[in-house]
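# Inside the fold
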Amino acid sequence: HMVGRALAGVLHAQRMAAAAAALCDSPERILEMGCASWQFTAALAETYPDACITALDLSPRQLEQTQRRGNEQGASWSLLQAAAEQTGLQSAQYDLVCSYAVFHELPRAAAEQVMAEKFRLCKVGGVLLMADVKPYSSLSAHEVWSADFWNQVVGGDPYWREYAMTDFIAMAKSSGFVDVVWQGLGQSHSPYVLTGRKPAPH
């Protein structure tokens, strides 16, 4: 509640910037993994108004909130309760497979599974988009100490340190993506965004 009042505009602008960073102009079908309670789903819908959006989350309560907000906006998102590591969805059917602020909540083994699932679900030529918090490689020594203490120790994010030290370019390439880029957006370099593309099979 407090964060929403103080930073709602800033956070929405960051989500919009992340949505627009995808390497595709007009995706027809979008899959969002770990949609939580609608905020990035709404940014995707605003950025790509003609797209058919499917959003999934492991939590039914989060999906209920997403459905309520979608109803308020007259949206027609398709919502699915599923684990991002193994969605059960048909392969190669999405132009854009994305997530926002999900990977820092995952242990590395789960993150690797989710990345592989993103690759499986992308169409040939489809696009990966992963937006999240800054990695330690982008921070000064003092910023690393502060982020590590407040998030890993105080904030209750048990996988924060593991996330912040992971080479996501290597992980995405290992899953099969090409043209992979991992960069911060805007003057604040936040959020950090990973993009890539699924190539045609050899």
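Scroll up to find the structure this text is about.
The following paragraphs examine the structure supplied in this document. These figures come from a predicted structure and were not determined experimentally.

For the rest of this paragraph, the subject is helix 4 (residues 108–121). Given a rise of 1.5 Å per residue, 14 residues ought to cover 20 Å, and the 20 Å separating the end C-alpha atoms of helix 4 matches this to within 8%. Looking only at helix 4, the buried set comprises Ala-110, Ala-111, Val-114, Met-115, Glu-117, Lys-118, Phe-119 and Leu-121. Looking at the buried side of helix 4, the elements it contacts are strand 1 (29–33), strand 4 (94–100), strand 5 (122–132), helix 7 (168–175) and strand 7 (192–197).

Reading across from one edge, 3-2-1-4-5-7-6 is the order of the seven strands in this open sheet, with mixed pairing throughout. Looking at the sheet topology across the chains shown, the edges are occupied by strand 3 (78–81) and strand 6 (178–184). Each strand axis lies, on average, 15° off the axis of its neighbour in the sheet, ignoring direction. Contacts from helix 7 reach strand 5, strand 6 and strand 7, with the element oriented near 155° to strand 6.

Looking now at the pairing of strand 3. Across a regular strand the side chains alternate sides, sitting on one face of the sheet and then on the other. Bridge count between strand 2 (residues 52–57) and strand 3: four bridges; the pairing is parallel. Paired with Leu-56 across the two strands is Leu-80, which belongs to strand 3.

Vacant regions in the atomic arrangement are exposed by a probe of water-molecule size rolled over the atoms. As enumerated under the stated definition, the model contains one cavity of 30 Å³ or more in all. As a volume, the largest cavity reaches approximately 30 Å³. Lining the largest cavity are Phe-103, Leu-106, Pro-107, Arg-108, Ala-111, Glu-162, Tyr-163, Thr-166 and Phe-168. Elements with a contribution of two residues or more to the lining of the largest cavity: helix 4 and helix 6 (160–164). Its residues placed into classes, the lining of the largest cavity shows six nonpolar, one polar and two charged.

Between its first and last C-alpha, helix 5 (residues 141–154) extends 18 Å over 14 residues, near the 20 Å set by a 1.5 Å rise per residue. Taken together, the buried residues of helix 5 touch helix 6. Note on helix 5: the residue one or two positions beyond its end, Gly-156, has a positive phi of about 75°.

Taken as a whole and judged by the stated rule, the model has eight aromatic pairs. Each ring, one from Phe-119 and one from Phe-177, has its centre 5.1 Å from the other, and the planes form 90°; the classification is edge-to-face. With a gap of 58 residues between them, Phe-119 in helix 4 and Phe-177 in the loop between helix 7 and strand 6 connect regions that are remote in the sequence. For Phe-177, a relative accessible area of 2% puts it in the buried group. Connected via pairs of aromatic rings, a cluster forms that spans Phe-103, Tyr-163, Phe-168, Trp-182 and Tyr-192. Against the face of Phe-119 rests Lys-198, its NZ or CZ located 4.7 Å from the ring centre.

Parameters and conventions
The residue numbering used here restarts from 1 in each chain and proceeds along that chain's sequence as written. This being a predicted model, a pLDDT of at least 70 is required before a residue's local features are given, and a value of 80 or more before pairs of side-chain atoms are given or counted; all residues contribute to the totals for chains, interfaces and linings. Neither water nor hydrogens contribute to the side-chain values; these are computed over all heavy atoms in the structure. Strands here are runs of E lasting at least two residues and helices are runs of H or I lasting at least four, both read from the DSSP assignment and numbered beginning at the N terminus. A helix's residues, less one, multiplied by 1.5 Å, set its expected span. Only protein chains enter the accessibility calculation, which uses a 1.4 Å probe; a residue whose area is less than 20% of its type maximum is buried, one above 50% is exposed, and one in between is partly exposed. What makes two residues a contact is simply this: any of their non-hydrogen atoms within 4.5 Å. Should DSSP find at least two bridges between two strands, the strands are regarded as paired. Here an axis means a line fitted to C-alpha atoms, over the contact stretch when the element is a helix, while the angle between two N-to-C directions is reported on a 0 to 180 degree scale. Buried and open spaces are told apart on a 1 Å grid over the protein atoms alone, a cavity being a set of points where a 1.4 Å probe fits but cannot get out and a pocket being an open set with protein on both sides within 12 Å along at least five of seven lines. Residues with an atom within 4 Å of a point are the lining residues. Grid points are joined across faces, edges and corners, and a volume is the space filled by probe spheres set on the points. Only Asp, Glu, Lys and Arg are considered charged, only Ala, Val, Leu, Ile, Met, Phe, Trp, Tyr, Cys and Pro nonpolar, and every remaining residue, Gly among them, polar. Centres within 6.5 Å make a pair out of two Phe, Tyr or Trp rings, where for Trp the six-membered ring is used; the pair is then stacked when the planes are under 30 degrees apart, edge-to-face when over 60, and tilted otherwise. The rule for a charge over a ring is simple: NZ of Lys or CZ of Arg within 6 Å of the ring centre, and within 35 degrees of the ring normal.

Treat this as a map of the structure, not an account of what it does.
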